Amino acid sequence: MNSRTKRLGAAAAAAALALTATACSDTGGGGEATSMEEENADAITVWHTGDASQKPMLDAAGALFEDQTGVKVEVEIIDWADAHTKILTAIQSGDGPDIFTGGLSWGIEFGELGGLVDLRQYETENLEANVIDGLWQSIESPGGELYGVPLNMTTFAMFYRSDILAENDLEVPGTWDEMDAAITQLQAAGYDTPFISTWEPIGWLDWFNYMHQAGGSLYSEDCTEVTVDSPEVIAGTEYWAERFSEQNVPTDQPDISGFAAGEYVFATGGSWNYDGLAVGFPELEGKWSSAPLPAGPANAGSFIGGNVMGVMAESDAPGTSAAFIDSVYSDEGVAAMLDTAATNNVLWLPPRTDKVADTHLDDANKAALTEIFETSVGPPNCSGWEPASPNVQLALQSIVLEGVPVEEALAAAKTEMEATLQ
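To start, this report covers the structure provided alongside it. On a predicted model such as this, the values are computed, not experimentally measured, just so you know.

1. Brief notes about the packing of aromatic side chains
Okay, step 1: Within this structure, the stated rule accounts for 18 aromatic pairs.
Okay, step 2: Ring geometry for Phe-159 and Tyr-274: centres 4.9 Å apart, planes at 70°, overall edge-to-face. Note that Phe-159 is positioned in strand β5 (residues 154-161) and Tyr-274 in helix α13 (residues 273-280), a separation of 115 residues in sequence.
Okay, step 3: A ring pair is formed by Phe-159 and Trp-288, whose centres lie 6.2 Å apart and whose planes are at 50°; its orientation type is tilted. Residue Phe-159 is located in strand β5, and its partner Trp-288 is located in strand β8 (residues 288-291); the two are separated by 129 residues in the primary sequence. The same class applies to Phe-159 as to Trp-288, namely buried.
Okay, step 4: Sitting over the face of the ring of Trp-47, Lys-86 holds its NZ or CZ atom 4.8 Å from the ring centroid.

Here it is, written out as structure tokens:
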């Protein structure tokens, strides 16, 4: 955890529920920022981007909030495929929920469109104190506004078959060079495809890991310059692309069942794979574990994502909504979500990484996730990234699928990113 981190005691959590306005709203439909007492709301609504398996955790946090405040929290699940358009439509019409959750980049995007309130209007020090550095750099806008904070987290991890490594006298690779050596040895031992990625292998998310590990970045720190064609990004992209051309890494998204069957030895992917393996393949108990992604020449680190949550500008109860968001970060709020997740056999990674130890994972995987979060990095906070990212992904795919030279493809990506740079 970073230097801002504090553990929230019961007194701090209770105080957070009595949020009062600290500034006037420039974007909110109600004019001045208001407190819970002034709003006197009976209920607030949440649109959560995700699937039905995540609703019980939000419902648990809502039930706790209702017990503490008397305000009911009504949760509606919206699908990822439709969510971005649906929320934009709600912003334009002024007819939407009090709170939305969605992609990490959406907070800045929607906030700069005037669709969200700046949570810094309210007493949000508890939020800032508990958001890890890797995500803070993704959610704070270049102008310093805080339009959203993480609701939950997911990150890339490396899953490995510990039994197969032991049979081949191999240690868990900690660097690119060690991974290359392990893949070479395993291929010689008859494993045609020792390594797979289960999370968009030719998408920008997977590539982001290698770009970062090589020391690259997508933009300058102040978001005024696109840096996707830097020597560091080129080096990371070349290594990423060589996995497909030289190491037989599949370009599709293999199912984790192949890893369970012993066809693959290493599988990178999202943290949902912890439960996918434990619940789906109980016969593998003791034969697999996880570790951070191998470090590159400049950095260790994994992409970290999840849902951001923010208060809609047209909410009739922004103070109450901000109070609910703050309560999600309390000890009680996190405990309610984690207890519900454990009951439902769902891995829910709360926004407070000090609570990873309270998940239902075994000690080895808790330790791995804790280490991963120490160096995890979220998407850029530059407002042009969200609209540019689909075209950047197409440029990256052209390297792998069409043989376009790396520098040429990154130049095309830069052109697309500069077109949306604000």
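2. Concerning the environment of Arg-243
Okay, step 1: Tracing the sequence through the fold places Arg-243 in helix α11 (residues 231-246).
Okay, step 2: Along the backbone, Arg-243 and Val-400 are 157 residues apart, and their C-alpha atoms lie at a distance of 9.7 Å.
Okay, step 3: Ignoring sequence-local partners within four residues, the contact set of Arg-243 consists of Phe-195, Ser-197, Pro-201, Asp-206, Tyr-210, Asn-248 and Val-249.
Okay, step 4: Within the structure, the side chain of Arg-243 is placed 2.9 Å from the side chain of Tyr-210, a separation counted as a polar contact.

3. Considering the pairing of strand β2 (residues 72-78)
Okay, step 1: Bridge analysis of strand β1 (residues 43-49) against β2 gives seven bridges, and the strand direction is parallel. From the neighbouring strand, Ala-43 faces β2, where its bridge partner is Lys-72.
Okay, step 2: Handedness of the crossover joining β1 and β2 through helix α3 (residues 55-69): right-handed.

4. Observations regarding helix α18 (residues 406-420)
Okay, step 1: Its 15 residues give α18 an end-to-end C-alpha distance of 22 Å, which sits within 8% of 21 Å, the value for a rise of 1.5 Å per residue.
Okay, step 2: Looking at α18, one finds that the buried residues are Val-406, Ala-409, Leu-410, Ala-413, Lys-414, Met-417 and Thr-420. Buried positions in α18, seen along its axis, are confined to an arc of 145° and lie on one side of it. Those residues of α18 that are exposed and aimed more than 90 degrees away from the buried face are Glu-407, Glu-408 and Ala-419.
Okay, step 3: Residues of α18 that are buried make contact with α10 (204-213), α11 and α17 (385-402).

5. Some remarks on the pattern of salt bridges
Okay, step 1: Going through the model one piece at a time under the given rule, you end up with ten salt bridges.
Okay, step 2: With a shortest N-O distance of 2.9 Å, Asp-59 and Lys-55 are connected by a salt bridge. Of the two residues, Asp-59 and Lys-55 are both situated in helix α3; the distance of four residues between them amounts to about one turn of the helix.
Okay, step 3: Under the relative-accessibility criterion, Asp-59 is labelled partly exposed at 30%.
Okay, step 4: Owing to a relative accessible area of 28%, Lys-55 belongs among the partly exposed residues under this scheme.
Okay, step 5: Its salt-bridge partner being Lys-414, residue Asp-229 comes within 3.1 Å of it at the nearest N-O pair. With Asp-229 in the loop between α10 and α11 and Lys-414 in helix α18, the pair connects residues that are 185 residues apart, well separated along the chain.
Okay, step 6: When its relative accessible area of 32% is taken as the criterion, Asp-229 is described as partly exposed.
Okay, step 7: When salt bridges with common partners are traced through the structure, they connect Asp-331, Arg-352, Asp-354, Lys-355 and Asp-358 into a single cluster.

Rules and cut-offs
Starting afresh in each chain, residues are numbered from 1 along the sequence in its written order. Where local features are concerned, this predicted model is filtered to residues with pLDDT of at least 70; where side-chain atom pairs are given and counted, the filter is 80 or more; whole-chain, interface and lining totals use all residues. Calculated side-chain values reflect all of the structure's heavy atoms, with hydrogen atoms and water omitted. Here the aromatic set is Phe, Tyr and Trp, taking the six-membered ring for Trp, and pairing holds for ring centres within 6.5 Å; pairs whose planes are under 30 degrees apart are stacked, those over 60 apart are edge-to-face, and all others are tilted. Runs of E in the DSSP output that reach at least two residues are strands. Runs of H or I that reach at least four are helices, and both are numbered from the N terminus. The rule is simple: take the accessible area with a 1.4 Å probe, protein chains only, and divide by the maximum for that residue type; under 20% is buried, over 50% is exposed, in between is partly exposed. We count a charge as sitting over a ring when the NZ of a lysine or the CZ of an arginine lies within 6 Å of the ring centre and within 35 degrees of the ring normal. Residues count as neighbours in contact if any of their non-hydrogen atoms are within 4.5 Å of one another. The definition of a polar contact used here is a pair of N or O atoms within 3.5 Å, where within protein one atom must be able to donate a hydrogen and the other to accept one, and adjacent residues in sequence count solely through side-chain atom pairs. A strand pair is defined by DSSP finding two or more bridges across the two strands. The handedness of a crossover follows from its direction of travel: if, with the strands pointing away from the viewer, the path from the first strand over the helix to the second runs clockwise, the crossover is right-handed. For a helix, the expected span equals 1.5 Å multiplied by the residue count minus one. What the arc measures is the spread of directions leading from the helix axis to the C-beta atoms. Think of a salt bridge as a Lys or Arg side-chain nitrogen and an Asp or Glu carboxyl oxygen that are within 4 Å of each other.

Taken by themselves, the reported measurements are silent on function.
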